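Each chain is listed here by its residues.
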Amino acid sequence: MAVARQQALAITVLFYAGTQHAFTQSQLPLQSPSSSSTPSHSKSTNLSQLSETAPAPTPDSAGELEVLKQLGWQQAYSPNGYAINAPLPSNCSLTTWQSLHSLTALTNLTLTGSLPPLPDSWGSPGSFPSLQAIDLSCAELNGTLPRSWGSALSFPGLRTLNLSNTGMSGSLPPNWGQEGAFPALLQLHLGGSSSRVSRLSRTLPPEWGSPTAFPVLALLWINYCNISGSLPLSWGSNSAFPALTTLSLLELPLQGTLPTAWGGQTAFPSLLDLQLGVADNPVGYVHVGVSLSGSLPAAWGSNGSFPVLEHLTIANVPPGPGLSGSLPPEWGSPVAFQRLKELLIENGQGGISGTLPACWADVGSFPALTVLGIQSGTKMSGSLPPEWGSPTAFQQLQYLYVVDCP
């Protein structure tokens, strides 16, 4: 059914009945981990392109060069900063592996191949004073995330930590959220992918939402792993994640309700992209049981909630009851979601009921919205509200998907 009005941008309105999948997140691509970029002031090193002559050693660099020599990496060295992007040699001893923390001029560490467990020594005070990026996402890595890496004096300049797509197991260390830990970290990638689900497990640490945790973290990506439990209330507390712009928690067997506190006036002041539930995966992928339940919090539509949010995805594929209640009229308030561009709500076999809120089309509601997708889970009723076709409704809307799946 096409909305009968003239607009500069065409609106596509699609209704489906009995469709297996209501809509996908193709309008909101999952932000996948990217390889760490090499700082502009450092010497970027692909070991196949090294020059034949290494810099002359100085007393201060002799120890660092000795470690690099044991790995065949000595030609990478520059006292002004250098990057390593290479497989770990198969003859690397455990002692040498642990001693990498003494590479004082190293700025970027990207390793591939089979790696030993991450050493506690890498988190000791004074380790890696120049390191800005660690990317092990193309490596085979067992073991657990070291608690020592969350000590107050660890990794003073680290900006990117990518440990996704490895074979790591265990829990997320609560002390990574203690005061002084990761003071410069901008991006944290954990978990797996559609082709390899991570063995990380247990729960999301409430401690990561403390006022002093991750003071400049902009991207938190925890996807495709066995972390369960509920969404921590503390993550939406005052002063939690002050710089976070992207929070992606997809393909986790989460349970419980969407926290009302996450819509508080002081919660997530910088958040642009919030992704909860299931991802848009290849055909044949078996989703984990995402069992978010309860209603969509009306408080998320309060004045001051999610002040800069642009993308919101809540996609549920539950073995349990799923989301219930109705679409909150409060979300259509003229003071709610002022910058929201894409809103996708998928509820699998859950119980969102009622009708499409006419007030979502009020003057001033969703002023920036370009994509609206709703899968009701068979319990919604009624038709498209006439108000949704008003010339003053959804001024920026380009795509509207309303789907009812049995």
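If you're wondering where the values come from, they're calculated on a predicted model, not measured in any experiment.

**Observations concerning the overall build of the protein chain**
In terms of regular secondary structure, the protein chain is built from 2 helices and 21 strands. Counting every position in the protein chain, which comprises 406 residues, the buried fraction comes to 50%. Once local pairs closer than 6 in sequence are excluded, the contacts in the protein chain between residues at least 24 apart make up 86%. Carbon and sulfur atoms form 53% of the exposed surface of the protein chain, whose accessible area is close to 16,200 Å².

**Considering the sheet that holds strand 9 (residues 199-203)**
An order of 7-9-11 is seen for the 3 strands of this open sheet, with the pairing classed as parallel. The sheet is open, and its two edges are formed by strand 7 (169-170) and strand 11 (226-228), each paired on a single side.

**Points about the confidence of the model for the protein chain**
Residues with a pLDDT of 70 or more make up 79% of the protein chain, whose mean pLDDT is 83. Predicted confidence is poor over residues 1-59, with pLDDT under 50, and the contacts of this stretch with residues over four places away or in other chains come to 144 contacts.

**Observations concerning the packing of aromatic side chains**
For the coordinates displayed, the defined rule picks out 26 aromatic pairs. When the centroid spacing of 6.2 Å and the interplanar angle of 15° are considered together, the rings of F182 and F214 count as stacked. Of this pair, F182 sits in the loop between strand 7 and strand 8 (187-191) while F214 is found in the loop between strand 9 and strand 10 (219-223), placing the two residues 32 residues apart along the sequence. You can call F182 buried: its relative accessible area is 1%.

**Things to note about the pattern of salt bridges**
Throughout the structure, instances matching the rule amount to 1 salt bridge. Ionic pairing is found between E310 and K341, a salt bridge with its closest N-O pair at 3.9 Å. Separated by 31 residues along the polypeptide, E310 in the loop between strand 15 (291-295) and strand 16 (311-315) and K341 in the loop between strand 17 (323-326) and strand 18 (342-346) bring together distant segments of the chain.

**Let's talk about helix 1 (residues 62-70)**
Those residues of helix 1 lying buried are E64, L65, V67 and L68. Viewed along the axis of helix 1, the buried residues span an arc of 160°, placing them on a single side of the element. The inward-facing, buried residues of helix 1 contact strand 2 (82-87), helix 2 (94-98) and strand 3 (106-115). Just beyond helix 1, the residue with positive phi is G72, at close to 75°.

**Things to note about the nonpolar core**
Core analysis: the largest hydrophobic core is formed by 99 residues, its most contacted members being W208, I222, W235, W262, W300 and W331. The element that contributes the greatest number of residues to this core is strand 3, accounting for 4 residues.

Cut-off values and rules
Each chain has its residues counted from 1, following the order in which its sequence is written. Restriction of local features to residues with pLDDT of at least 70 applies here, the model being predicted, together with a cutoff of 80 or more for giving and counting side-chain atom pairs; totals for whole chains, interfaces and linings are based on all residues. Calculated side-chain values reflect all of the structure's heavy atoms, with hydrogen atoms and water omitted. To qualify as a helix, a DSSP run of H or I must reach at least 4 residues; to qualify as a strand, a run of E must reach at least 2; elements of each kind are numbered from the N terminus. Relative accessibility under 20% of the residue-type maximum defines a buried residue, over 50% an exposed one, and the middle range a partly exposed one, all with a 1.4 Å probe and only protein chains included. Residues count as neighbours in contact if any of their non-hydrogen atoms are within 4.5 Å of one another. Accessibility throughout is a Shrake-Rupley quantity obtained with a 1.4 Å probe, and a residue counts as covered only by protein chains that appear here. Two strands form a pair only when DSSP identifies at least two bridges running between them. pLDDT measures the predictor's confidence residue by residue and takes values from 0 up to 100. Two rings from Phe, Tyr or Trp (for Trp, the six-membered ring) form a pair when their centres are within 6.5 Å of each other. A pair whose planes differ by under 30 degrees is stacked, one over 60 is edge-to-face, and the rest are tilted. A side-chain nitrogen of Lys or Arg and a carboxyl oxygen of Asp or Glu constitute a salt bridge if their distance falls within 4 Å. Working note: the arc is built from the helix axis to C-beta atom directions. Take the buried Ala, Val, Leu, Ile, Met, Phe, Trp, Tyr and Cys residues and link them wherever side-chain atoms come within 4.5 Å; each set so joined is a nonpolar core.

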